[in-house]
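Letter by letter, the chains look like this.
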Number of protein chains: 2
Amino acid sequence: MSKTETRKDEIIKVSAKLFKEKGYSAITMRDIAKAMNIKAASLYNHIKSKQDLLKIIIISIAEEFTIRMQEISSSESTSIEKLQKIISLHIDIAYHYPYRMGVLNNDWMHLEEELEYYLELRNSYEDNFRSIVESGIESGEMIDTNTEIIVFSILSTLRSLYLWIPKKEALKPEELTKNLTQVLISGIQND
Amino acid sequence: MSKTETRKDEIIKVSAKLFKEKGYSAITMRDIAKAMNIKAASLYNHIKSKQDLLKIIIISIAEEFTIRMQEISSSESTSIEKLQKIISLHIDIAYHYPYRMGVLNNDWMHLEEELEYYLELRNSYEDNFRSIVESGIESGEMIDTNTEIIVFSILSTLRSLYLWIPKKEALKPEELTKNLTQVLISGIQND
DNA sequence: AATCGAAACTAACAAATGTTAGTTTTTAAA
DNA sequence: TTTAAAAACTAACATTTGTTAGTTTCGATT
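Residues numbered from 1 in each chain as written. Chains lettered and ligands numbered in written order. Predicted model: local features only at pLDDT ≥ 70, side-chain atom pairs only at ≥ 80, totals over all residues. Heavy atoms only, no water.

1. Some remarks on the overall build of chain A
So, point 1. A count of helical and extended segments in chain A gives ten helices and zero strands.
So, point 2. Taken from the N to the C terminus, the helices and strands of chain A come in the order α-α-α-α-α-α-α-α-α-α.
So, point 3. With the C-alpha coordinates of chain A rotated into their principal frame, the extents come out at 60 × 40 × 35 Å.
So, point 4. Every one of the 191 residues in chain A was classed for burial, and the buried ones make up 48%.
So, point 5. Put simply, of all contacts in chain A between residues at least 6 apart along the chain, 72% involve residues at least 24 apart.
So, point 6. Summed over its atoms, the accessible surface of chain A is roughly 9700 Å², and 47% of this surface lies on carbon and sulfur atoms. (Helix = DSSP H or I, 4+ residues; strand = E, 2+ residues; numbered from the N terminus. Buried < 20%, exposed > 50% of the residue type's maximum accessible area, 1.4 Å probe, protein only. Contact = heavy atoms within 4.5 Å. Areas by Shrake-Rupley, 256 points an atom, 1.4 Å probe, with all protein chains shown as cover.)

2. Overview of the protein's contact with DNA strand D
So, point 1. In the region of DNA strand D, 16 residues are neighbours, and R7(A), K39(A), N45(A), M29(B) and Y44(B) sit closest.
So, point 2. Sugar and phosphate atoms represent 58% of those atoms of DNA strand D found within 4 Å of the protein.
So, point 3. Separating a phosphate oxygen of DNA strand D from a backbone N or O atom of M29(B) is a distance of 2.7 Å.
So, point 4. Interatomic distance of 2.8 Å between a side-chain N/O atom of R30(B) and a base nitrogen of DNA strand D.
So, point 5. Of all the secondary structure elements, the ones that give two or more residues to the surface near DNA strand D are α3 (40–43) of chain A together with α2 (29–35) of chain B.
So, point 6. When the residues that make up the surface near DNA strand D are grouped by side-chain class, the tally is six nonpolar, five polar and five charged. (Near = heavy atom within 4 Å. Polar contact = N/O pair within 3.5 Å; in protein donor to acceptor, adjacent residues only side chain to side chain. Nonpolar A, V, L, I, M, F, W, Y, C, P; charged D, E, K, R; others polar.)

3. Some points on the relation of the copies chain A and chain B
So, point 1. Overlaying chain A with chain B gives an RMSD of 0.0 Å, the required rotation being 180° about an axis along which the chain moves by 0.0 Å. Such a combination of rotation and displacement between the chain copies is what one expects of a two-fold axis.
So, point 2. Most of the interface of chain A is mirrored in chain B, where 100% of its interface residues again form contacts. (Least-squares fit on C-alpha atoms with pLDDT ≥ 70 in both.)

4. Notes on the interface of chain A and chain B
So, point 1. On the side of chain B, 31 residues touch chain A, which itself brings 31 residues to the contact.
So, point 2. A buried area of about 2500 Å², summed over both sides, lies between chain A and chain B, and 69% of it is on carbon and sulfur atoms.
So, point 3. The three residues of chain A that bury the most area against chain B are I149(A), F152(A) and V183(A), which together make up 25% of that side's buried surface.
So, point 4. The interface formed by chain A and chain B contains zero salt bridges.
So, point 5. Elements supplying a minimum of two residues to the side of chain A that touches chain B: α1 (7–22), α8 (147–159), α9 (161–164) and α10 (173–185) of chain A.
So, point 6. For the side of chain A that touches chain B, the element with the highest residue contribution is α8(A), accounting for seven residues.
So, point 7. Among the residues forming the side of chain A that touches chain B, the class breakdown is 14 nonpolar, 13 polar and four charged. (Buried area = accessible area lost by both parts, 1.4 Å probe. Salt bridge = Lys/Arg side-chain N within 4 Å of Asp/Glu carboxyl O.)

5. Section: the nonpolar core
One recurring pattern in soluble globular proteins is that nonpolar side chains are buried together.
So, point 1. Residues F129(A), F129(B) and L161(B) are the most contacted members of the largest nonpolar core, which totals 122 residues.
So, point 2. Ignoring anything within four residues of it in the chain, the contact list for F129(B) reads M69(B), L83(B), I86(B), V151(B), I154(B) and L155(B). (Core = buried A, V, L, I, M, F, W, Y, C linked by side-chain atoms within 4.5 Å.)

6. Some points on α1(A)
Given 3.6 residues per turn, any residue in an α-helix points the same way as the ones three and four places further on.
Residue and element names in this part refer to chain A.
So, point 1. With 16 residues, α1 extends 23 Å between its outermost C-alpha atoms, agreeing within 8% with the 22 Å of an ideal straight helix rising 1.5 Å per residue.
So, point 2. If you check which residues of α1 are buried, you get I11, I12, S15, A16, L18 and F19.
So, point 3. Tucked inside the fold, the buried residues of α1 contact α2 (29–35), α3, α4 (50–73) and α6 (98–107). (Expected span 1.5 Å × (residues − 1).)

7. Here we look at empty space enclosed by the protein
Empty space among the atoms can be located by rolling a probe the size of a water molecule over them.
So, point 1. All told, the structure shown has one cavity of 30 Å³ or more when counted by the stated rule.
So, point 2. In this structure, the largest cavity encloses a volume near 50 Å³.
So, point 3. If you go around the largest cavity, the residues you meet are S153(A), V183(A), L184(A), S153(B), I154(B), V183(B) and L184(B).
So, point 4. Going through the elements one at a time, α10 of chain A together with α8 (147–164) and α9 (173–185) of chain B are the ones with two or more residues in the lining of the largest cavity. (1 Å grid on protein atoms, 1.4 Å probe; cavity = no way out; pocket = protein on both sides within 12 Å on 5 of 7 lines; lining within 4 Å. Points joined across faces, edges and corners; volume = space filled by probe spheres on them.)

8. Quick look at the packing of aromatic side chains
Aromatic ring pairs are described here by two measures, namely the spacing of the ring centres and the angle between the planes.
All names here are of chain B.
So, point 1. Taken as a whole, this structure holds eight aromatic pairs over all chains when the rule is applied.
So, point 2. A centroid spacing of 5.2 Å and a plane angle of 75° characterise the contact between F19 and Y24, whose relative ring orientation is edge-to-face. In this pair, the class of F19 matches that of Y24, namely buried.
So, point 3. Arranged with centres 5.7 Å apart and planes meeting at 20°, the rings of W108 and Y118 form a pair that is stacked. (Phe/Tyr/Trp six-rings, centres within 6.5 Å; stacked < 30°, edge-to-face > 60°.)

9. A short note on the packing of helix α5 (residues 79–96) of chain B against helix α7 (residues 115–138) of chain B
Residue and element names in this part refer to chain B.
So, point 1. The interhelical angle for the contact between α5 and α7, taken along N-to-C directions, is 150°, at an axis separation of 8 Å. Taken as a pair, α5 and α7 cross one another with a handedness that is left-handed. Counted together, S79, K82, L83, I86 and H90 of α5 and Y125, F129, I132, V133, S135 and G136 of α7 form the full contact between these two elements.
So, point 2. Residue composition of the contact of α5 with α7, by class: six nonpolar, four polar and one charged. (Axes fitted to C-alpha atoms, helices over the stretch in contact; angles between N-to-C directions. Left-handed = near helix turned anticlockwise from the far one by under 90°.)

10. Let's talk about the protein's contact with DNA strand C
So, point 1. Around DNA strand C, the surrounding shell holds 16 residues, and the nearest of these are M29(A), Y44(A), R7(B), K39(B) and N45(B).
So, point 2. K50(A) has a polar backbone atom sitting 2.9 Å from a phosphate oxygen of DNA strand C.
So, point 3. Between a base nitrogen of DNA strand C and a side-chain N or O atom of N45(B), the distance comes to 2.3 Å.
So, point 4. Those elements that provide at least two residues to the surface near DNA strand C are α2 of chain A together with α3 (40–43) of chain B.
So, point 5. Here the residues of the surface near DNA strand C sort into six nonpolar, five polar and five charged.

As structure tokens, then:
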């Protein structure tokens, strides 16, 4: 069980929401402060800097993606099953952290110290994804189309989920997983 | 035949590239000036304001999308054929204006005067898309999955093309169209 | 050689921004 | 009730930012 939410956690949550809406660079410390009903200077009792806020928001979630992808990648499943698990992973994270996902997608280039590390995480993730698709094609589970196109197309959809999920609350995660699996996977699956 | 490129056109092109890389808010007029080897104040001999630059970059391309979508929508084709044309449309624009596409995708919310107009264009585009999918389901051309999910999934991929096309110059537009059509459409098509 | 518009320059501005230093208030435990 | 940490405040700072005003330079046409 995690501790009750600290003031710092609140600031991070509010910041992620604002960053997601207008982008990191467009949001000022005074914007964040106003959203919390305090003055900008007060933020610095809790956080180190604006840049640090960005780092916290992005790196935590990027690490979660990479770790869980590695688990999927090294699990005993068919390639198709692994793709299904990847879809579930993205849906799960997009449900829990829609704002952070937006910041990850659009503001990663404003990381400074941690930019290189972030890119390593992303590359690791994408390499795993590519390998799974390649295995699926080799084993005959999937049709033999250009690997890059399959990866790109599925990943584009999954990365955009954060934009879409908050608008469609009627749709339960399980329902969404089922439908998305059908749309994304049937097109590349052999019978 | 269009006139030779004016200085203003050059500025727009350079700005679009910079905006795409770091976002509208993160780019200063001095950044743009430096990329053109002039001083920031000199930019104002050619353009009205930074905001105007954003408007020019986004609105022109948003209008092109909407117009060409309307042509496709009102053409005499099956729904599947219309989807193929939409894919070609996105590939075509992403090839010609990869930077503008990036700005359109990520910085539309920084439009001020023209924000409402932009949203109208986008809604018109999406409504047409949705109608085409609905017709396809009704006519039995496409499988009867959740319309929203089909629209979301295809559109997410098409909207991300700008990120991907510049990296894969080996792939010819025709080749890309063929592959993408297969991956995106086969999964939702009835036999 | 003179002229004129296009396109560059220098200098400066007011406002906005991230951050700091130092101080006061709030909260809750002792 | 005292105390001490947590969390807020005011005031100010050095920079950065978009933009304007006025001037000079460049290139082509007369």
